[in-house]
Structure formats: C-alpha cells, structure tokens
Amino acid sequence: MNIAQIEQNLQDLIQDFNKETFIFELLLAYGLPKASIARLQKGNLNLSKEEGILSWKKKVLFKPVVDEDLHLAISEIKNTLKQEQRFVIVTDFKTLLAIDTKTSDSLDIDFTALPKHFDFFLPWAGMEKAQHQNENPADVKAAEKMAKLFDEIKKDNPDNSPEFTHGLNVFLSRLLFCFFAEDTNIFKKSQFTNAISSHTQTDGSDLNDYLSKLFDVLNTHDRNRGNLPAYLSDFPYVNGGLFQYKHPMPVFTRRSRQAVIDAGELFWSDINPDIFGSMFQAVIRQVENDDNTKHYTSVPDILKLIKPLFLNDLIEEFESAKGSIKKLNGLLARLEKIKIFDPACGSGNFLIIAYKELRKLEIDIINELNILQGKSGSGSLDFGSEFLSKITLNNFYGIELDDFAHEVAKLALWLAEHQLNMEFFKAFGKTNPTLPLRDAGQITRGNACRLNWEEICPKNADDEIYILGNPPYQGARKQSDDQKKDIEIVFGDKPGINSIDYICCWFYKGALYNQKQNSTCAFVTTNSICQGEQISLFWPTIYKLNNEISFAYKPFIWANNAKNKAAVFVVIIGLRLVNNKSKILYFDNLSKHVNNISPYLTDNPNVIVTKKSKPPKGLPELVYGNQAIEGGFLILSPEEKDKLIKDSPLSEKFIRPLYGAEDYMNNSCRYCIWITDNDLPEASSIPEIEQRIQKVKEFRECGGQVAKSLLSIPYRFRYVHEAKKNLLILPRTISERRNYIPVGFLDRSAIVTDATQVIYDPEIYIFSILASKIHILWVHAVAGRLKMDPRYSNSICYNNFPFPKISHSQKDELTQCVFRILEERENHSEKTLAQLYDPDKMPQGLRETHRLNDLAVERCYRSKPFESDEERLEYLFKLYEKMIAEEKEKGTLFNEKKKAKKQK
C-alpha cells in the first residue's frame, strides 16, 4: 500500500463512514490484512471485554465516546495499556485524538481532517517516520563567523598561490583551536581573545607578528621557554604538531583584526568539531570553484548514515540490556572492539560524529550500571580508581589525500575527544588529562583507491568494523587522468569501467573488505550509480562479491552548513554480506522494512536492466531525433525564416518546421534548412542558403573529430530522419513531477532534434502505451537522470519495457483511448503541453481520459487491476526477468542449431 493510495482511501472513508465500522475501515485503509480485520469484527481477535471498544495487541486501542471529555478519556486509556498497543484513538466523530505510544507523538484534529494527517498512522503500513537530529545553530553561526573572517583576510591578502593558501588554511585551523581552547578550560577563559584585544594595535598592523610569536610559544615546552612576558608564558604547551611548522602569516587591517575578536567571542564549547570541515570547504571553494569531488556532510545527514549502519542496533541492544549488569557490561565490551573507518575522511566529519555518538552511548550505559548498583552520583563508579573511557581514538581510521584536511581531521578528532572527556568528567568526576596533545586517530595520508584498506585498518578476529563516508563522486566524463587510472587499478580489466562513476571504487573496495571480516559499509553518493546504464555496468560486480544492500535512502537533496553550500541529489547505500536479516528502505522521511532492496532502490529482486539495441517484438523502433552539429547556421528562428523567404522566395521549398523538446512542450516552433542530396544544386543557387552552407563548413573545420567527419555534407544535419506520414515524439528529459510522459504526434513535414526521442510512422495505439502510468513508472525506476528528472533512453527504457503481445481488439481499444486524449487536449488548445501536464494544473477531463487509458493498457497485462505502484513495478520486473530468460533460451537454441549445421 503506497502513500497516495492510503491518502485516497482516507478521503473516501471520511466522505461516507459508518460509526460502527469506522475503525475496521480505517485499518483496511492502511493495507492491514482483510482476514485479521474480519477476525477483529467477529471478536476473536479483539482483546477488549467492553462493548464498543477495540483492542488489538501491539496495533491499536480504539474507543468511541459520547458525552465524555476526549482528553481525559485518552489519558486514562494510555496509563492503563496492557497489550503494547502502538496507537490509542478516541473520537466522538467530530474530533479525533490519537497517541503514538512509541514516539509519544499526538494528534488532536477535526474528524474530517484525518486525510491530511494520514502519515500519523503509517506504521500500520510498515512505514516509520525517520527521526533526524536538527542542525546545531551554534555550528551554523560559527560557520558564518569564520566565513566572514576569511573574506576579510582575503581582501587584505589577495595571494592565491598554493603555498600561501595552504598557510592560510593552517592559520585558520590554529585560530579555531585557540577559540575552542579558551572556552573549554584548555586555556584560561577568553585568554586568547583578550590577549589579542590587549596586546595588539587596533589597526591590525602588528597582529601577524603577535600571533607568530604566540604560535611559537604554544609549540615550546615550559622548560625551554626562557624569559617571556607573562601574557605569553601564561599560555600552556600544546604540542601535537598543530603549531610545529612556520607558514607565511597573513597581514591584517582594523576590519580583519576585529573579525578575529568577533569570532572569538562566540561560545565555542557548543561547537561541534565538524565545523572544521565546513570551514575547510568555505576556504577551498574559493580556489577550486566547481570541484564537486569535495563535499562536507552536515551532522543530521551524517546521522542518517550512522544510525542504520550501527547506532540504531547499539541503542536497541542498550534498551534491551537495561536491568542486567551482565548485558550492560557485555555491551561496553562490544563498544571497545568497534572500529570506524572512513577511507575518504576529508576533515574527519564522519569519524567525529561516530566517535561522539559512541562516547555518549558509553556514558548512558555506565549511568545505567550506576543505577543498578545503587550508586547515587558523580564519581561513585565501582570500577577502580583508574577507570576511564574504553573507547579510544586508536580505533578510528581514515584515509585522506589532501595534506591539510589530513591534519585537520586529526585535530578535530582530538577536540571531539576533549569535549567528550569533559562530559565524562561531569558525569563521573574523572577523565583523561588534556595537555599536551597526543596523536589523534589513525589517519593515513594517501590515495584510498591505491592503498590496501586491510593494511590501513587491520582486522582482528573479534573486531566489529564499520566503513563509512562521503567519497568523491566524479562521473565518467569529468574524471581526471589520475581518477581514471584509479578506476583501472581498482577494477582491473572489467568491462565498462570507462563509463562508471569514480565513487564506485569505494563501494567495490568496501564490498571486498566485507568478504573477510565482520564488517559492513555505507557511503553517501550521487544517485547516478542507481540509475540507467550505471546499474548494469557496476552492480553485478558487487553481487559477485556476495554483498547485498542492507539499507538505503532514496534520492534526497543534501546540503551542508558551509558558506557556499553544495546542494545535490544523493542517496545513502549500505552494503553487507548476504544474510537473512531484514533491510530498511528510507524515503520521504519514512522508513520501511523490506525483503530486498534492488540496485534501483526499490523493494524488488536484484534484476538488472541492461542496454538493448532492439525493442520487444511487436513494438516499433524508437530512435533519437536528428543531431545537427552545424553551429546554428541551418537552424532559423521564426523571424529569420520570414526574412529568408522575403529576400529569397525560392528558399521556402527548403525550409521545414523544427522541434526540440522545449519547442514541443511549449507549443512553439523553430525552422531549419533541409536539403536532400538531389536538391543540393538548386539550393546552392540561392545566395543566402549558400552562405549558410559555407558557414557550416567553417564551423565543422574548427570542430572536433565528429564535426570534421561531416565536412563533405555541410548542407545538412549529421542525421537526417524524416517521416513518411507522421511521427510520435517524446522529450528525452522528463520532469520528475509529471505523472505521464507528454507524447504527441507531428505531421510528416516536421523535423525533430536529438533533444527528443521519436518513432517514425507508428501505429496510433503506441501513443497509448507510452502515455500510460505503468510506462512512466518503469521509466522512473530504470532511467538515468539529470538531477532528479528521468532521461529517457531507447536502449534502457523503451527497448526493455515489458509489454505483452496484444490482440487486434486490444489495439483498437488503445487507439480509441489515444483519440480521447488528443480530443481532450484540443479542448484546451490555449494551453501548452507543459501546462496541461503540470500535475497541479492538469485539467480534470484530461486526467480522466488518462485514467481510462491506464486501465486499458493495464488490462493488456492482466484482467485483475493492480492495487499499487509497487505491485505494478514488481509485476514489470518479473515480466522483464521472464522476457530476458526467454531471449537467452532462444539465443542458446539458435547457437546450438548453428553449431549443429556447421558440424553437418
């Protein structure tokens, strides 16, 4: 049961309901088994002994009330529940109150507003609301302050050399450490900011000299400092390599000095160390403008990955262990063995958040042990005087290519450790010493594609290893030579590697790692690896390694808290060795346990749609429109067309209407000069046309290899397809919002560009199939995409579309559906196709004709109506699997006959 169906079911229910059967119809609206509802109505499944009250174990307690306070009634019921009912509902059929006993969410609405709140009861349909932590406002504010500081410094320091930029990056990381240190008892309170205010000129002229001296002091042990003024010697020895090397210092002005002081006045103890990543991005984006290989994920999005990868499981174990000292100690021992490995760690965001969540859980476990042992407060643990956290940074591993990010990751991990040590001290009165800094985390500088992950993060028999991160994404066409070489090193001579995304290297190496160890992996990635041709090129290699998708988030817009936000569509995919555990699919802030997650991120088997050169038998060939490669000299605007005909009336013979996708969708038209080989002498005698032909030749002479190959035919497009009677056109890129593909007919005079797909001289009923709901569902499932808009491909979408052989009478029925759709479009001829097929504005008559067309097309598959889109897709994939098996069998028989013929 999908969401749209549930919402419609509730609307139907509210319009015409019976008080006696309302609760049963409500449960049915969410797809609960009809047999169970029948048993509830008969009474043998209803645990309530009171007349009119329904009590279904773990599902619902429902009570209709008359002349009773609803709020009082629901409170009394909630406090006396005995059967773990998920929902409590009371209503007088004017108002409806409900409580979700698992999440403590409540509902208090007008009874008729129930359809608007359909999501409240979605757990009945197996869909949970995903709980995500909101962004920390202090992080956002700090990112803005640091970005402003950076901007001010750059105004005074326009040097963009790699040496200066690196030095500036290091300088900013040192500032961040000092800000953090003076707010977290590493330095004295406000010691760093006050020192700048008190001991530097307001015009900023001496700030660089002062900070240079201070950084030297922070790198010098107390015993080696000699005679220093008190305002410098009061700072402690830091060590840890942060202040070890000298770098060119920026110069400052009054404004940039004040920006440093303003940033220092934030309360930095509230800042998550992952702010380092956001700061780092704000810096490098100035230098590497559109490099989409570097993205930094926000805390809520990191938790989207971490929770299903390992954290939810640990929290569930903690909940079940409460009350048992043995189980709680066992869980502490488990935490001690967990290793976290990010093989594209950047500035350490994922490692930091994973570390913090594990430390927080450890504190909760120890608190619970205290309660069980009858202890009453801080420092009362009976674990010996030397007891400290057993979760160490030595169990956190990373690989990072960039030297600065590599250093920042180590520092950020240390700051995270310090924050959690402070939390530990608050809870238990003891913790690790702060200074001097020690090495933080097992962060290796290098190329993750070329390093042996098992050497970086060694495996022990009792280790529990989680590999995670947000690796670089580059698509095949944007990869550097080094990245292409990385892919060759990772995949060897596997076919198709020249067309796969760079991030596939991480998934493949993660799947390899999973084979030999108690490990699982999960990565954030662009949605392209779950679309179109990428699936057939990449995912079979994962399945050959006996890995499966353990959880996945369907595409969502992902951004971060950096100044220059990166906003892209991503998915999150977890991999593990094949086992019988359930899998979780996340979508629209909901989660659903499913039997399998396909590479298309659907609840279907792992059937992979591969490129196919021909459509199924019975369907005509669909091809790209005409590719031009003529520099725009054979294409005319309406004004240019009119002028050409006015100046040279004979040219009208050689002008044809031209449609690209936008022209077609917006009821507009361009024109093109269309010359056949036989007409070339006549066309060339027209000066204006001859001039355009010469310009095409000049354009192609200066073009690439393909353009130069067309020099002998400067009078025409690269491809020259045209219809004898008419043609069926559809856009190559389809808006993700559309419920139908807006296909249409054009007459034989029309020429179409390669922004469209086209069938020349088709039977009319083909329109009906392409314009159906079941067809666009297939396209949404298997097509490649431009952002989130499906890119229609003949070799993936059309040629693989499972459609049965149909009778003449069925073709006639589909043809009548086409005529009704075209007639309804004509009734709204003042509107463009883009307007007609906007799902929010689609005319009701057109919507109804498409609904009837959907029913007719789906009857070609089976007589029983489909109940959901999921059922439609499941049916299509099974039909596709059968179709491929039959084709393979035919191919085998053909080869056997061919072989036998040769032997004769």
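Reading the values: the criteria
Residues numbered from 1 in each chain as written. Predicted model: local features only at pLDDT ≥ 70, side-chain atom pairs only at ≥ 80, totals over all residues. Heavy atoms only, no water. Helix = DSSP H or I, 4+ residues; strand = E, 2+ residues; numbered from the N terminus. Buried < 20%, exposed > 50% of the residue type's maximum accessible area, 1.4 Å probe, protein only. Contact = heavy atoms within 4.5 Å. Areas by Shrake-Rupley, 256 points an atom, 1.4 Å probe, with all protein chains shown as cover. Polar contact = N/O pair within 3.5 Å; in protein donor to acceptor, adjacent residues only side chain to side chain. Salt bridge = Lys/Arg side-chain N within 4 Å of Asp/Glu carboxyl O. Disulfide = S-S within 2.5 Å. Phe/Tyr/Trp six-rings, centres within 6.5 Å; stacked < 30°, edge-to-face > 60°. Core = buried A, V, L, I, M, F, W, Y, C linked by side-chain atoms within 4.5 Å. Axes fitted to C-alpha atoms, helices over the stretch in contact; angles between N-to-C directions. Parallel < 35°, antiparallel > 145°, perpendicular 65-115°, else oblique. Left-handed = near helix turned anticlockwise from the far one by under 90°. Pairing = 2+ DSSP bridges. pLDDT = per-residue confidence, 0-100. Right-handed = clockwise from strand over helix to strand, strands pointing away. Nonpolar A, V, L, I, M, F, W, Y, C, P; charged D, E, K, R; others polar.

Attention now moves to the overall build of the chain. Secondary structure assignment for the chain yields 31 helices and 25 strands. Considering only C-alpha atoms, the chain reaches an extent of 95 × 85 × 70 Å along its principal axes. Sorting the 904 residues of the chain into buried and exposed places 53% on the buried side. Pairs at least 24 residues apart make up 71% of the contacts formed inside the chain by residues separated by at least 6 positions. For the chain, the exposed area adds up to about 42,100 Å²; of that, 48% sits on carbon and sulfur atoms.

With that settled, consider the side chain of T91. Tracing the backbone through its elements, the reader meets T91 in strand β3 (residues 87-91). Within the local environment of T91, its side chain forms a polar contact with the backbone oxygen of T95, the two atoms lying 2.7 Å apart.

When their charged atoms lie close together, side chains carrying opposite charge are able to pair. Enumeration over the complete set of coordinates arrives at 43 salt bridges. A salt bridge links E682 to K653, with the shortest nitrogen-to-oxygen separation between them at 2.8 Å. Taken together, the positions of E682 in helix α22 (residues 680-684) and K653 in the loop between α20 (638-647) and β18 (655-659) put the pair 29 residues apart, joining distant regions of the chain. Here R859 ties to E813 by a salt bridge, and the two come within 2.5 Å at their closest N and O atoms. Note that R859 is positioned in helix α30 (residues 844-859) and E813 in helix α28 (residues 808-826), a separation of 46 residues in sequence. The class of E813 is partly exposed, set by a relative accessible area of 31%. Ionic contacts of the salt-bridge type, sharing partners, join the residues R86, D100, K102 and E128 into one network.

Under the definition given, this model contains 0 disulfides. Distance from the sulfur of C505, which forms no disulfide, to the nearest cysteine sulfur (C449) is 4.1 Å. Note on C505: relative accessible area 0%, which makes it buried. Of all cysteine sulfurs, the one in C672 lies closest to C669, which takes part in no disulfide; the gap is 8.8 Å.

Turning to the packing of aromatic side chains, a few remarks are in order. Pairs of aromatic rings are described using the distance from one ring centre to the other and the angle between the two planes. By the definition in use, this model includes 49 aromatic pairs. Taking the centre distance of 6.0 Å and the plane angle of 45° together, the rings of F22 and F62 count as tilted. Of this pair, F22 sits in helix α2 (residues 22-29) while F62 sits in strand β2 (residues 60-64), and the two are 40 residues apart along the sequence. Classification of F22 as buried rests on a relative accessible area of 0%. A ring pair is formed by F424 and F428, whose centres lie 4.8 Å apart and whose planes are at 65°; its orientation type is edge-to-face.

Where a protein is soluble and globular, its nonpolar side chains tend to be buried together. Y30, F310 and W539 are the most contacted members of the largest nonpolar core, which has 226 residues in total. In terms of residue count, the dominant contributor to this core is helix α14 (residues 349-372) (12 residues). Setting aside chain neighbours within four positions, we find F310 in contact with I340, A354, L358, Y466 and L468. If you look at the next biggest cluster of nonpolar residues, it comprises 44 residues, including V238, A259, L266 and I271.

Running from amino to carboxyl end, helix α7 (residues 191-199) crosses helix α10 (residues 254-264) at an angle of 150°, the nearest separation of the two axes being 9 Å. Classified by the interaxial angle, the pair formed by α7 and α10 is roughly antiparallel. As for the relative orientation of α7 and α10, their crossing is left-handed in sense. Between α7, through T193, I196 and S197, and α10, the contact on the second element is made entirely by R257, V260, I261 and G264.

With that settled, consider the sheet that holds β3. Spatial strand order, β1-β2-β3-β4-β5: 5 strands in an open sheet with mixed pairing. Only two strands of the sheet have a single neighbouring strand rather than two, namely β1 (54-56) and β5 (106-110). Taken over all neighbouring pairs, the strand axes of this sheet differ in orientation by 10° on average, direction set aside. By the bridge criterion, 5 bridges tie β2 to β3 in an arrangement that is parallel. The partner of V60 across the bridge, within β3, is F87.

Strand order in this open sheet of 4 strands is β17-β19-β18-β22, and the pairing throughout is mixed. Where the open sheet ends on each side, the last strands, each with one partner, are β17 (635-636) and β22 (751-752). Where β18 lies against β22, 2 bridges are found, and the strand directions are parallel. Following the sheet pairing, Y659 is matched in β22 by V752.

This next bit is on the confidence of the model for the chain. Confidence in the prediction of the chain, expressed as mean pLDDT, is 88, and 90% of residues score 70 or more. Throughout residues 376-386 the model reports pLDDT below 50, and contacts reaching past four residues in sequence, or to other chains, amount to 21 contacts.

A separate point is the environment of R738. Tracing the chain through its elements places R738 in the loop between β20 (726-731) and β21 (744-747). For R738 and P839, which are 101 residues apart along the polypeptide, the C-alpha to C-alpha distance reads 5.9 Å. Not counting the four nearest positions on each side in its chain, R738 is found in contact with M665, I776, H780, A834, Y837, D838 and P839. One polar contact links the side chain of R738 to the main-chain carbonyl oxygen of Y837, over a distance of 3.0 Å.

The next thing to look at is the environment of A628. Along the chain, A628 falls in the loop between β16 (623-624) and β17. Counting along the chain gives 120 residues from A628 to Y508, while the straight-line C-alpha distance between them is 39 Å. The residues touching A628, leaving out its near neighbours within four places in the chain, are R700, F717 and R718.

On to the side chain of Q419, then. With respect to the helices, strands and loops of the structure, Q419 is situated in helix α15 (residues 403-428). Among the residues examined, Q419 registers a relative accessible area of 10% and is labelled buried. If near-sequence neighbours (up to four positions away) are discounted, Q419 is found in contact with F180, S269, I271, P273 and K356.

A word on the pairing of strand β14 (residues 583-587). With 5 of 5 residues buried, β14 lies mostly within the body of the structure. Of the two faces of β14, the one lined by K583, L585 and F587 and the one lined by I584 and Y586 are each fully buried. Bridging between strand β12 (residues 547-558) and β14 involves 3 bridges; their strand directions are parallel. Directly across from F551, in β14, lies its bridge partner I584. Hairpin connection, β14 to strand β15 (residues 590-594): the antiparallel pair is bridged by 2 residues, and D588 has positive phi, about 50°.

With that settled, the discussion passes to the pairing of β3. Within β3, 5 of the 5 residues are buried, leaving the element largely enclosed by the surrounding structure. Side chains of β3 alternate between two faces, with F87, I89 and T91 and V88 and V90 buried alike. You can see the chain leave β2, run along helix α4 (residues 70-79) and come back into β3, and the turn it takes is right-handed. Bridge count for β3 against strand β4 (residues 95-100) is 5 bridges, and the pairing is antiparallel. Bridging across to β4, V88 finds its partner in I99. Linking two consecutive strands that pair antiparallel, namely β3 and β4, is a turn of 3 residues; a positive phi of about 70° is found at F93 within it.

Here we take up the packing of helix α12 (residues 299-321) against α14. Here α12 crosses α14 at 30°, and the two axes come no closer than 10 Å. When the axis of α12 is compared with that of α14, the two are roughly parallel. Our pair here, α12 against α14, has a crossing hand that is right-handed. Residues V299, I302, L303, L305, I306, F310, L311, L314 and F318 of α12 form the contact with α14, whose participating residues are N349, F350, I353, A354, E357, L358, L361, D364, I365 and E368. In terms of residue class, the contact of α12 with α14 is built from 15 nonpolar, 1 polar and 3 charged.

This part is about the environment of S48. As for its position among the elements, S48 is in the loop between α3 (34-42) and β1. For S48, a relative accessible area of 17% puts it in the buried group. Along the backbone, S48 and L61 are 13 residues apart, and their C-alpha atoms lie at a distance of 8.7 Å. Those residues within four positions of S48 in sequence are excluded, and the remaining contacts are I53 and S55. Engagement of the side chain of S48 in a polar contact is seen with the backbone oxygen of I53, the distance being 3.4 Å.

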